[in-house]
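Survey of secondary and tertiary structure
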Amino acid sequence: MATTVGRICGAGLLKSNHGALRHQARNLTTASFSGWTKGRKTLYAALGILTGGTGALLFALDQSVRASELELHSPKNPWSHNGFLHLLIMPDDYCIRRGYEVYKQVCAACHSMRFIAYRNLIGVSHTEPEAKAEAEEIQVQDGPDEQGNMFMRPGKLSDYFPSPYANEEAARAANNGAFPPDLSYITLARHGGEDYVFALLTGYCDAPAGVVLREGQYYNPYFPGGAISMAQALYNETIEYADGTPASASQLAKDVSTFLKWAAEPEHDTRKLMLIKCLFIFTLLASVTYYFKRHKWTVIKSRKLAFRPSSK
């Protein structure tokens with residue numbers, strides 16, 4: 001019992017002493033600051049502001065000259081499908097068809113589009129016979145047959161675009177360890193969408209001083225980090241368009257960016273057309289609702305309440 005009382009009292013004494021010491025330290029600090037003259041306070045305030053400003057300036061200068069901070073954001077381009085009333089698939093515009101040609105002849109050597117089938121091209125960039133002809137150019141493994149063997153057959157409209165590699169390991173082995181991404185939804189998977197794709201394809205340049213590239217890497221300021229394993233693929237006259245359009249590097253990048261935009265959002269035009277229909281219907285419904293509200297509430301809102309006290 002005595003031991004317990006002593007422990008409690010000791011704890012109380014230590015607690016009270018600790019509080020007294022803390023109160024005394026606070027008083028000393030307040031007294032020390034209150035004893036400063038006005039000039040001394042002004043001097044220390046100016047020194048603090050000067051030190052903070054100098055540190056911020058040095059940090060900003062250090063960040064501005066860092067080679068790792070030379071990444072650029074893709075600029076906005078005036079695409080023909082931007083805006084509420086602009087469609088991606090135009091009857092007299094063969095941009096998506098040309099973009100498919102660029103993908104087929106250039107991009108398909110490294111990148112897959114495993115979520116796009118040849119039937120998706122019908123009514124967009126190709127007619128049904130043309131889409132069938134495109135599908136029959138590939139060989140697809142099918143089976144088993146009646147003997148249980150796998151066999152190769154020409155492609156059909158239901159087949160998806162073939163992958164250039166058998167698996168991811170084969171793709172990395174052929175590209176110095178880098179895995180070429182699938183392009184089916186690349187415009188949705190990258191910040192900037194088709195602007196990023198266009199800027200990346202046309203943004204290759206020499207690496208600035210301070211940037212060290214490993215073997216098999218190239219410099220592109222629009223790619224995160226600057227070092228990209230994909231070499232520049234689009235040059236002037238890299239391919240020849242079937243419709244005779246001059247195949248400049250910017251034209252190739254524009255067409256394939258539009259094609260990838262359609263591949264990622266095949267419902268783009270349907271969504272915009274549905275928006276126009278919804279706006280028309282909602283405007284009509286809002287007018288009817290407003291008229292019905294005025295019709296029902298006009299009696300209540302226009303009535304007059306009068307108080308007539310009863311005579312005594």
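What you are looking at is a predicted structure, and each value in this text was computed from that prediction instead of being measured. (Residues numbered from 1 in each chain as written. Predicted model: local features only at pLDDT ≥ 70, side-chain atom pairs only at ≥ 80, totals over all residues. Heavy atoms only, no water.)

1. Overview of empty space enclosed by the protein
The tally for this structure, following the rule as stated, stands at one cavity of 30 Å³ or more. Approximately 40 Å³ is the volume attributed to the largest cavity. The wall of the largest cavity is formed by S80, H81, L87, L88, D93, C95, I96 and T258. Taken together, the residues of the lining of the largest cavity sort by class into four nonpolar, three polar and one charged. (1 Å grid on protein atoms, 1.4 Å probe; cavity = no way out; pocket = protein on both sides within 12 Å on 5 of 7 lines; lining within 4 Å. Points joined across faces, edges and corners; volume = space filled by probe spheres on them. Nonpolar A, V, L, I, M, F, W, Y, C, P; charged D, E, K, R; others polar.)

2. As for helix 3 (residues 95–105)
Most of helix 3 is tucked away: eight of the eleven residues are buried. The complete set of buried residues in helix 3 reads C95, I96, R98, G99, Y100, E101, V102 and Y103. Looking at the buried residues of helix 3, the elements they touch are helix 4 (128–136) and helix 8 (249–264). (Buried < 20%, exposed > 50% of the residue type's maximum accessible area, 1.4 Å probe, protein only. Helix = DSSP H or I, 4+ residues; strand = E, 2+ residues; numbered from the N terminus. Contact = heavy atoms within 4.5 Å.)

3. A look at the packing of helix 3 against helix 8
The description of two packed helices rests on the angle between their axes and on the distance between the axes. Helix 8 packs onto helix 3 with a crossing angle of 100 degrees between their chain directions and a minimal axis gap of 7 Å. Considering their axes alone, helix 3 and helix 8 lie roughly perpendicular with respect to each other. The residues of helix 8 that touch helix 3, namely those facing C95, I96, R98, G99, Y100, V102 and Y103, are Q251, L252, K254, D255, V256, T258, F259 and W262. For the contact of helix 3 with helix 8, a count of residues per class yields nine nonpolar, three polar and three charged. (Axes fitted to C-alpha atoms, helices over the stretch in contact; angles between N-to-C directions. Parallel < 35°, antiparallel > 145°, perpendicular 65-115°, else oblique.)

4. Some details on the layout of surface pockets
Estimated volume of the largest pocket: approximately 690 Å³. Looking at the largest pocket, it is lined by 28 residues, and the ones nearest its centre are H111, P180, P181, I228 and M230. Broken down by secondary-structure element, the contributors of at least two residues to the lining of the largest pocket are helix 7 (194–202) and helix 8. No other element matches the four residues that helix 7 contributes to the lining of the largest pocket. What lines the second largest pocket is a set of twelve residues, among which H73, S74, H191, G192 and Y196 lie closest to the centre. Tallied by class, the residues present in the lining of the second largest pocket amount to four nonpolar, four polar and four charged.

Read these as geometric descriptors, not functional statements.
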